Amino acid sequence: MAAECSKSKCAILFAKIKESNNDVWPIVYSPNYNITFFGMEKLHPFDSTKWGNVFQYLQDSNMISKDTVVCPTEISKEQLLEFHTERYISSLNWSSKVAVITEVPPVACLPNFVVQRRLLSKLRLQTSGTIIAARLALLRQWSINLGGGFHHCSSDKGGGFCAYADISGALKTLKTEGLINSALIIDLDAHQGNGHQKDFKDTDWVHTLDVYNGSIYPGDYKAKEMRNLLAIELRSFTADEKYLDKVSKASSDETRWFLDWQGRERYPYSWYSVGIIRRDEMVFRLARERKIPIFMVLSGGHQPQTAQVIADSILNLKGQGLIAREPNL
């Protein structure tokens, strides 16, 4: 479905992204994001080709093409160990472990080299995409990775189809390199973002707003002990207006408090969502008006219409003038 990445774009390193700043959208994607392995991916409700579908919808709308997006290269084991434990990364060499993380039991029966090539390499590529998106946000004020958002994975434990902690990895990378002092995560996926909450449980430099359905997976009460966490639990069938009202007030209050606490410096604003157009516009507008760099990752997707809604949301952001190809918006 999705067009192949051009070799020139696949070869882009971050240093070259700076040089070609005006040539591409700050949108990260590779056709190798998509997961297919002998039909087993259909045993999980997650849409494992969602990423390519989003790209195709945006391409069909004449917004992007294979030549106007940034195509990442796969993250190395050495880089993964900067935000994962050696024990956890080694555990992924066991197909039975990956089967538990992905919630697809037949994966346990596959040779691990197949699991690495057909599944985990795709997730490593998306993890690299999130780190690149975080860097791009600092250059261009906003960015989107058409993948990633593995918010159930922490440094030492995966789950919920999340094998690598790309969100934690991106923020830790920027912090280690001295590019940021603090970050705010706004997690609007339907599920609790327990992975990054565990990773930043005792830190002062990461703050999190998490609005989620408290009656579904993962129900991780220990993760809620994160020091700088504002958790808003909703229930199934919460009406849109009530939901949007809570997101609007919480996002505004948390961002205002965060800026005041930081002395009105500018820091990355990380957010990911299954996509509700009004909500997405609300959060992007909040970040852009306050001149806070923002990067978005796609996270979950358990509904057949998810890819279309995400694409429509991104197109709406463009239509509202909140994102543009030009770097000086």
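Preceding this section is the structure that the text describes.
1. Quick notes on the overall build of the protein chain
Move 1: The secondary structure content of the protein chain amounts to twelve helices and seven strands.
Move 2: For the protein chain, restricting intrachain contacts to residue pairs at least 6 apart in sequence, the fraction spanning at least 24 positions comes to 72%.
Move 3: Surface exposure of the protein chain reaches about 13800 Å², of which carbon and sulfur atoms provide 50%.

2. Structural notes on empty space enclosed by the protein
Move 1: Scanning the entire structure with this criterion turns up one cavity of 30 Å³ or more.
Move 2: Approximately 70 Å³ is the volume attributed to the largest cavity.
Move 3: Lining the largest cavity are Gln 192, Tyr 212, Asn 213, Gly 214, Ile 216, Tyr 217, Pro 218, Gly 219, Asp 220, Tyr 221, Lys 224 and Glu 233.
Move 4: Residues of the lining of the largest cavity, tallied by class, amount to five nonpolar, four polar and three charged.

3. Quick word on the packing of helix 6 (residues 95–102) against helix 7 (residues 112–140)
Move 1: Where helix 6 contacts helix 7, the axes come no closer than 9 Å and their chain directions differ by 35°. Here helix 6 contributes Ser 95, Val 98 and Thr 102 to the contact with helix 7, which in turn contributes Asn 112, Val 115, Leu 119 and Leu 120.
Move 2: Looking at the contact of helix 6 with helix 7 residue by residue, the classes come out as four nonpolar, three polar and no charged.

4. Overview of the nonpolar core
Move 1: Of all hydrophobic cores here, the largest spans 87 residues; its most connected members are Ile 27, Val 54, Ile 64, Leu 146, Phe 284 and Ile 314.
Move 2: Sequence-distant contacts of Leu 146, that is, excluding residues within four places in its chain, are made with Ile 27, Val 28, Tyr 29, Tyr 33, Trp 51, Val 54, Phe 55, Leu 58, Ile 64, Leu 298 and Ile 314.

5. Describing the pattern of salt bridges
Move 1: All chains considered together, the criterion is met by eleven salt bridges.
Move 2: One salt bridge in this structure joins Arg 135 and Glu 177, with 2.7 Å as the shortest N-O distance. Note that Arg 135 is positioned in helix 7 and Glu 177 in the loop between helix 8 (166–176) and strand 3 (183–187), a separation of 42 residues in sequence.
Move 3: In this structure Arg 135 comes out as buried when scored by relative accessible area, which is 16%.
Move 4: Judged by its relative accessible area of 41%, Glu 177 is partly exposed.
Move 5: Of the charged contacts in the structure, one is a salt bridge between Glu 225 and Lys 201, with a shortest N-O distance of 3.1 Å.

6. Notes on the state of the cysteines
In a disulfide, the sulfur atoms of two cysteines are held together by a covalent bond.
Move 1: All told, the structure shown has zero disulfides when counted by the stated rule.
Move 2: Looking at the unpaired Cys 153, the closest cysteine sulfur is the one in Cys 162, lying at 6.9 Å.
Move 3: On the basis of relative accessible area, Cys 153 is assigned to the buried category, the value being 1%.

7. Some points on helix 6
Move 1: Those residues of helix 6 that fall on the buried side of the exposure criterion are Ser 95, Val 98, Ala 99, Ile 101 and Thr 102. Take helix 6 and look down its axis: the buried residues cluster within an arc of 165°, on one side only.
Move 2: Here the buried face of helix 6 lies against helix 5 (86–91) and helix 7.
Move 3: Glu 103 occupies a position one or two residues after helix 6 and carries a positive phi of about 60°.

8. Describing helix 8
Move 1: Of all eleven residues in helix 8, eight are buried; the element is thus mostly enclosed.
Move 2: Burial in helix 8 covers these residues: Asp 166, Ile 167, Ser 168, Gly 169, Ala 170, Leu 171, Thr 173 and Leu 174.
Move 3: In the segment just after helix 8, Gly 178 is the residue with positive phi, at about 75°.

Scoring rules and cut-offs
- Residues numbered from 1 in each chain as written.
- Predicted model: local features only at pLDDT ≥ 70, side-chain atom pairs only at ≥ 80, totals over all residues.
- Heavy atoms only, no water.
- Helix = DSSP H or I, 4+ residues; strand = E, 2+ residues; numbered from the N terminus.
- Contact = heavy atoms within 4.5 Å.
- Areas by Shrake-Rupley, 256 points an atom, 1.4 Å probe, with all protein chains shown as cover.
- 1 Å grid on protein atoms, 1.4 Å probe; cavity = no way out; pocket = protein on both sides within 12 Å on 5 of 7 lines; lining within 4 Å.
- Points joined across faces, edges and corners; volume = space filled by probe spheres on them.
- Nonpolar A, V, L, I, M, F, W, Y, C, P; charged D, E, K, R; others polar.
- Axes fitted to C-alpha atoms, helices over the stretch in contact; angles between N-to-C directions.
- Core = buried A, V, L, I, M, F, W, Y, C linked by side-chain atoms within 4.5 Å.
- Buried < 20%, exposed > 50% of the residue type's maximum accessible area, 1.4 Å probe, protein only.
- Salt bridge = Lys/Arg side-chain N within 4 Å of Asp/Glu carboxyl O.
- Disulfide = S-S within 2.5 Å.
- Arc of directions from axis to C-beta.

Shape descriptors only; they carry no functional weight alone.
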